[in-house]
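Observations on the three-dimensional arrangement
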Amino acid sequence: MKLIRHLRKLALAGCALTLAVVALTACSSSTSGGGPSDTNGTVISLKSLMFNPGDITVKAGTEVTWRNDEPITHTVTSGEVTGLDKTTGLRTGQKPDGLFDEKLSGNGDTFSYTFTKAGTYSYYCDIHFGMNAKIIVTK
């Protein structure tokens, strides 16, 4: 029985380490001034368990499009990220604010939102606790 408990602890530690490495990679992508643009505004790619670009700054009136570039499901959910670990990039919780909450089921799914008011808008993937970002909207 002790051996089984020990093996479970080792397996959980391995999972936590894997998540931490993925989250650290996700935290390293941030930019200001927007990301790749198309004719409608800024495009944020969801790939490798990251928002790319991560944190961005756009002007009020900009349409931002999130595009799922992998076969797994993600969400784009607005709200506060809680318990963010600066080392791993993992959050312990979130508080949605109802501004937007869109499920992107797989490759090619998109969601767009036009930011009309200046402010800072945090968002995250409700499924993957290392996917956290924000959009700073200026006048």
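Our structure's up above, just so we're on the same page.
Residues numbered from 1 in each chain as written. Predicted model: local features only at pLDDT ≥ 70, side-chain atom pairs only at ≥ 80, totals over all residues. Heavy atoms only, no water.

1. Let's talk about the sheet that holds strand β10 (residues 132-138)
Worth spelling out the cut-off: For two strands to be treated as a pair, DSSP must find at least two bridges joining them. Secondary structure elements are taken from DSSP: a helix is a run of H or I of four residues or more, a strand is a run of E of two residues or more, and numbering for both begins at the N terminus. All axes here are fitted lines through C-alpha atoms, helices being fitted over the stretch that makes contact, and every angle between N-to-C directions spans 0 to 180 degrees.
Strand order in this open sheet of 5 strands is β4-β10-β9-β6-β7, and the pairing throughout is mixed. The open sheet has two free edges, formed respectively by β4 (56-59) and β7 (93-104), since each of these has just one partner strand. The mean inter-strand angle of the sheet, taken between neighbouring strand axes irrespective of direction, is 30 degrees. Bridge count for strand β6 (residues 74-82) against strand β9 (residues 119-124) is 2 bridges, and the pairing is antiparallel. Its bridge partner lying in β9, Thr 77 is registered against Tyr 124.

2. Some thoughts on the environment of Thr 77
Formally: Contacts between residues were defined by any pair of non-hydrogen atoms, one from each residue, lying within 4.5 Å.
Within the fold, Thr 77 resides in strand β6. Taking C-alpha positions, Thr 77 is 6.6 Å from Asp 126, a pair spaced 49 residues apart along the chain. Those residues in contact with Thr 77, other than ones at most four positions away along the chain, are Pro 96, Phe 100, Asp 101, Ser 122, Tyr 123, Tyr 124 and Asp 126.

3. What to know about the nonpolar core
What counts is decided by this rule: Residues grouped as a nonpolar core are buried Ala, Val, Leu, Ile, Met, Phe, Trp, Tyr and Cys residues, joined through side-chain atoms within 4.5 Å. Buried residues are those whose accessible area, probed at 1.4 Å on protein chains only, stays under 20% of the maximum for their type, while exposed residues exceed 50% and partly exposed ones sit between those limits.
With 19 residues, the main nonpolar core has Ile 44, Phe 51, Trp 66, Val 76, Phe 115, Tyr 123 and Ile 135 as its most contacted residues. Those elements that place two or more of their residues in this core are β2 (41-47), β4, β5 (62-68), β7, β8 (110-115), β9 and β10. The dominant element in this core, judged by the number of residues it contributes, is β10, at 3 residues. Dropping the residues within four chain positions of it, Ile 135 is found in contact with Ile 44, Ile 56, Val 58, Val 64, Trp 66, Phe 115, Gly 119, Thr 120, Tyr 121 and Tyr 123.

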